[in-house]
Amino acid sequence: MKSTVDEIRQRFDADVERFSNLETGQSATVDAALCLELVAEAAAAATPHAKDILDVGCGAGNYTLKLLQRLPNCNSTLVDLSQPMLARAVERVGKVTTGSVAPVQGDIRELAFADGRFDIVLASAVLHHLRTDAEWEAVFSKIARALRPGGSFWMFDLVESPIPAVQDMQWKRYGEYLAAFKGPEYRDHVFAYVAREDTPRPLFYQLDLLRKVGFGDPDVLHKNGCFAAFGAVKPLCKNTKKSDHRALRGH
């Protein structure tokens, strides 16, 4: 049996400090600091005139903080299951922006946002908690609707391989990374909560889903073993060609 939403929330309530380091990012993930930089840089490059950010599963606010270094004074909507995480994120983000900071405690599957409300959506190490294919498509569709035309959606997350032997190999490498970082007990601890809580999907499953719900061609910023950073831009209009989109985005 997988963990309930409340059980997942309780674990994050007690883990705020690990998510509060802007230099390392979430340390239990491979290449966390690199992908934190890449996602922020890509979001700023793809959506340079952004004013409104939605950070899904914001944790202690690292991804919004990194993005605000490049796009200062945007308005930030921070979503997380954990109230202690949200409190830390609001405290940290509020110190570096004159834009509004709106915390929302809740499950992305149950929240509603106005169409075209945001310019950038960020989601770091959170969507792997989605369960069924229907939930994955519903959340991706919700995010696509919440973005303005020309807005972008960027993720860093745990992914699985569709090839069982490769999945085994990647999981072994991930275990070696965790053991080298904090010892075999830490590896076993992380593996235990991943088994209880997470249902990741392959990278290409998610790239295809981005196209299905209306995004333009996605891009992979980085992939190392069972972690990947990737995203896509919502077309300016349904009939806009890629060349037209690139030209218009520059104005």
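Residues numbered from 1 in each chain as written. Predicted model: local features only at pLDDT ≥ 70, side-chain atom pairs only at ≥ 80, totals over all residues. Heavy atoms only, no water.

Colleague: Explanation requested: the nonpolar core in the structure shown.
Modeller: Across soluble globular proteins, nonpolar side chains have a tendency to be buried as a group. Counting residues in hydrophobic clusters, the biggest one holds 37 residues, and the most contacted among them are Leu67, Leu122, Tyr174 and Val190. Counting residues per element, the ones that place at least two in this core are helix 2 (32-46), helix 3 (62-70), helix 4 (83-94), strand 4 (118-124), strand 5 (147-158), helix 6 (164-182), helix 7 (184-197) and strand 7 (227-233). Among the elements that take part in this core, helix 2 stands out by supplying 7 residues, more than any other. With near-sequence residues (within four places) excluded, Leu67 lies in contact with Ala40, Ala43, Ala44, Ile53, Ile120 and Leu122. Formed by 30 residues, the second largest nonpolar core is a distinct cluster that contains Leu54, Val121, Val159 and Phe230. (Core = buried A, V, L, I, M, F, W, Y, C linked by side-chain atoms within 4.5 Å. Buried < 20%, exposed > 50% of the residue type's maximum accessible area, 1.4 Å probe, protein only. Helix = DSSP H or I, 4+ residues; strand = E, 2+ residues; numbered from the N terminus. Contact = heavy atoms within 4.5 Å.)

Colleague: Looking at this structure, I do not really get the packing of helix 5 (residues 133-146) against helix 8 (residues 203-212). What am I missing?
Modeller: The description of two helices packed together rests on the angle between their axes and the distance between the axes. Orientation of helix 5 relative to helix 8, taken along the N-to-C sense of each, is 50 degrees, at an axis distance of 10 Å. Put simply, helix 5 runs oblique to helix 8. Relative to helix 8, helix 5 is oriented so that their crossing is right-handed. From helix 5, Asp133, Trp136, Glu137 and Phe140 reach across to helix 8, where they touch Tyr205, Gln206, Leu209, Leu210 and Lys212. (Axes fitted to C-alpha atoms, helices over the stretch in contact; angles between N-to-C directions. Parallel < 35°, antiparallel > 145°, perpendicular 65-115°, else oblique. Left-handed = near helix turned anticlockwise from the far one by under 90°.)

Colleague: Could you clarify how one ought to interpret the sheet that holds strand 2 (residues 75-80) in this entry?
Modeller: Strand pairing within a sheet occurs via backbone hydrogen bonds; the two strands may be parallel or antiparallel. Overall, mixed pairing links the 7 strands, which are arranged 3-2-1-4-5-7-6 in an open sheet. Bordering the open sheet on either side are strand 3 (101-105) and strand 6 (219-224), each of which pairs with just one other strand. Recorded for the sheet is a direction-independent mean angle of 10 degrees between the axes of neighbouring strands. Where strand 1 (residues 52-56) meets strand 2, 5 bridges bridge the pair, whose relative direction is parallel. Note on strand 2: the bridge partner recorded for Val56 is Val79. (Pairing = 2+ DSSP bridges.)

Colleague: What exactly am I supposed to notice about the environment of Val79 here?
Modeller: As for its placement among the helices and strands, Val79 is situated in strand 2. Classification of Val79 by relative accessible area gives buried; the value is 2%. Put simply, Val79 and Leu127 are 48 residues apart on the chain and 13 Å apart in space, counted from C-alpha to C-alpha. Residue contacts for Val79: discarding those within four places in its chain leaves Leu54, Asp55, Val56, Gly57, Cys58, Leu86, Val104, Gly106, Leu111 and Phe113.

Colleague: For this particular structure, what's the right way to read unusual backbone geometry?
Modeller: Among all residues save glycine, negative phi is the norm, and among peptide bonds the norm is trans. Phi angles above zero are rare outside glycine, and Asp31 is one such case at about 60 degrees. Inspection of the secondary structure puts Asp31 in the loop between helix 1 (5-13) and helix 2. For Asp31, a relative accessible area of 26% gives the class partly exposed. Positioned with a positive phi, Asn73 is a non-glycine residue whose angle comes to about 70 degrees. As for its placement among the helices and strands, Asn73 is situated in the loop between helix 3 and strand 2.

Colleague: Quick question: what am I supposed to make of the packing of aromatic side chains here?
Modeller: For any pair of aromatic rings, the description rests on two quantities: the centre-to-centre distance and the angle between the ring planes. All told, the structure shown has 13 aromatic pairs when counted by the stated rule. With a centroid separation of 5.7 Å and an interplanar angle of 75 degrees, the aromatic rings of Phe140 and Phe153 are classed as edge-to-face. Placement of the pair is Phe140 in helix 5 and Phe153 in strand 5, with a sequence separation of 13 residues. By relative accessible area, which is 0% here, Phe153 ends up buried. Ring centres 5.4 Å apart and planes at 65 degrees place the aromatic pair Trp171 and Tyr174 in the edge-to-face group. Of the two residues, Trp171 and Tyr174 both sit in helix 6, 3 residues apart, roughly one turn of that helix. Three or more aromatic residues joined by ring pairs make a cluster, and in this case those are Phe156, Trp171, Tyr174, Tyr177, Phe181, Tyr186, Phe191 and Phe227. For Arg11, the ring lying beneath its charged end belongs to Tyr193, and the centroid distance is 3.7 Å. (Phe/Tyr/Trp six-rings, centres within 6.5 Å; stacked < 30°, edge-to-face > 60°. Lys NZ or Arg CZ within 6 Å of the ring centre and 35° of its normal.)

Colleague: So what exactly am I meant to see when it comes to the pairing of strand 5 here?
Modeller: Within a regular strand, the side chains alternate between the two sheet faces. Most of strand 5 sits out of view: 10 of its 12 residues are buried. Of the strand pairs in this sheet, strand 4 and strand 5 are connected by 6 bridges, and their pairing is parallel. Following the sheet pairing, Val121 is matched in strand 5 by Phe153. In this fold, the crossover linking strand 4 to strand 5 by way of helix 5 has right-handed handedness. (Right-handed = clockwise from strand over helix to strand, strands pointing away.)

Spatial relationships are all this shows, so hold off on functional conclusions.
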